[in-house]
Amino acid sequence: MKMIKRALYPHFVIARSLKATKQSFIRCTKNLRLPRYARNDGFQRGFSIVELLFIVAIMGILLALTTINLLTVQRKTTLNSTREVFMSEIKEQQLKAMIGDTQGSAIAESYGVYLTSTSYTLFRGTVYNPSSTFNTRTTLTPTVQLTTTFPSSTIVFSRGSGSIANFNESLHTVTFRDIDSNVSKTVTINRHGVVSGL
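Residues numbered from 1 in each chain as written. Predicted model: local features only at pLDDT ≥ 70, side-chain atom pairs only at ≥ 80, totals over all residues. Heavy atoms only, no water.

1. Quick word on the environment of F157
Checked against the element boundaries, F157 lands in strand β5 (residues 154-157). Here the alpha-carbon distance between F157 and V113, two residues 44 residues apart in the chain, equals 8.7 Å. Residues in contact with F157, not counting those within four places in the same chain, are I90, Q93, Q94, A97, S110, Y111, G162, S163, I164 and G193. (Helix = DSSP H or I, 4+ residues; strand = E, 2+ residues; numbered from the N terminus. Contact = heavy atoms within 4.5 Å.)

Here's what the structure looks like:
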C-alpha cells in the first residue's frame, strides 16, 4: 500500500495544485465586473428572428397605409385646385365681357369658354374659333376629366351684361372628375354668370 501511495503521490500533488489554482482563479475573478451584454443573468439579450419579422411587417403595413392616404389627399388637392382655377378663369372671362375689354382690337366683344374632356379654351367672340390667336387653352392633368351639360360645350358671356347667351336652366353645370378615385366636383353657373362650386 505504501508503494501505491508513493507511485500516486506525484499525480496527487498535481491534482491538488490544479484545484488550488482553480480556486485561486475564481477568487481573483470574483470581483471582476463584466460588461452588461457579456454577463449571463439567465436572460437572453436581443431579438429573435420572429420578433424582427413581426416588427418589419407592422412597419410595412403602416407605410402602405400612409402612402395610400397621401395619394388620396394629393388627388383631392389636384381636383380642388383644377376646379378653383377654372372658376377664376370663368369669372375673368365674364368680367372682360362686362367691361368691354378689346384686347387690342377696335371693338369690344363677348367672351367665352369652350370645354372638352381633357381641356378648356378661353376665347373671344360669340362663337369658338379654334384658329383664333386670342384663344388660351388650359390642359387638365391626366387624372382629371371634364364633363359639361352646356349646349355645344360652350359658355358665352354677353358683351356689356356678362350674362350667359342662350342660357338653358337645366343645362348649366361643369363637372370635374378624378378618374382614379371617381371623386367629382361640380361647378354651377346661373343665367347671370354667377359661378358657384359644389
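2. With respect to the pairing of strand β7 (residues 184-189)
The pairing of strand β6 (residues 173-178) with β7 spans 5 bridges and is antiparallel. Bridge pairing in β7 links T175 to T186. Linking two consecutive strands that pair antiparallel, namely β6 and β7, is a turn of 5 residues; a positive phi of about 60 degrees is found at N182 within it. When β7 meets strand β8 (residues 195-197), the two strands line up antiparallel, connected through 3 bridges. Along β8, the bridge assignment pairs V187 with G197. (Pairing = 2+ DSSP bridges.)

3. As for the side chain of S110
Note on placement: S110 falls in the loop between α2 (49-99) and β1 (111-115). Residue classification places S110 among the buried residues on the basis of a relative accessible area of 10%. Here the side chain of S110 touches R159 through a polar contact of 3.2 Å, landing on its backbone nitrogen. Here S110 is in contact with R124, G125, T126, V156, F157, S158 and R159, once residues within four sequence places are set aside. (Buried < 20%, exposed > 50% of the residue type's maximum accessible area, 1.4 Å probe, protein only. Polar contact = N/O pair within 3.5 Å; in protein donor to acceptor, adjacent residues only side chain to side chain.)

4. Remarks on the environment of R83
Tracing the sequence through the fold places R83 in helix α2. Classification of R83 as buried rests on a relative accessible area of 10%. Between the alpha carbons of R83 and G197 there is a distance of 7.9 Å; along the sequence they are 114 residues apart.

5. Let's talk about the sheet that holds β7
Reading across from one edge, β4-β6-β7-β8 is the order of the 4 strands in this open sheet, with antiparallel pairing throughout. Two strands close off the open sheet at either side, each with one partner strand: β4 (144-148) and β8. If you compare each strand with its neighbour and ignore which way they point, the axes differ by 20 degrees on average. Of the strands in this sheet, β4, β6, β7 and β8 are in contact with α2, which crosses β7 at around 15 degrees. (Axes fitted to C-alpha atoms, helices over the stretch in contact; angles between N-to-C directions.)

6. Focus: the sheet that holds strand β3 (residues 136-139)
The strand order β3-β2-β1-β5 describes an open sheet built from 4 strands, whose pairing is antiparallel. Unpaired on one side and paired on the other, β3 and β5 mark the two borders of the sheet. Taking the axes of each pair of neighbouring strands and ignoring which way they run, one obtains an average angle of 15 degrees across the sheet. Sheet strands in contact with α2 are β1, β2 (119-124), β3 and β5, and its direction is about 145 degrees off that of β1.

7. Focus on a nonpolar patch on the surface
On the surface, F54, I55, I58, M59, I61, L62 and L65 cluster together to form a nonpolar patch covering roughly 710 Å² of accessible area. The topology assignment puts I58 in helix α2. The class for I58 is partly exposed, based on a relative accessible area of 35%. (Patch = residues over 30% accessible without salt bridge, like charges linked within 9 Å, V, L, I, M, F, W, Y side chains within 5 Å. Areas by Shrake-Rupley, 256 points an atom, 1.4 Å probe, with all protein chains shown as cover. Salt bridge = Lys/Arg side-chain N within 4 Å of Asp/Glu carboxyl O.)

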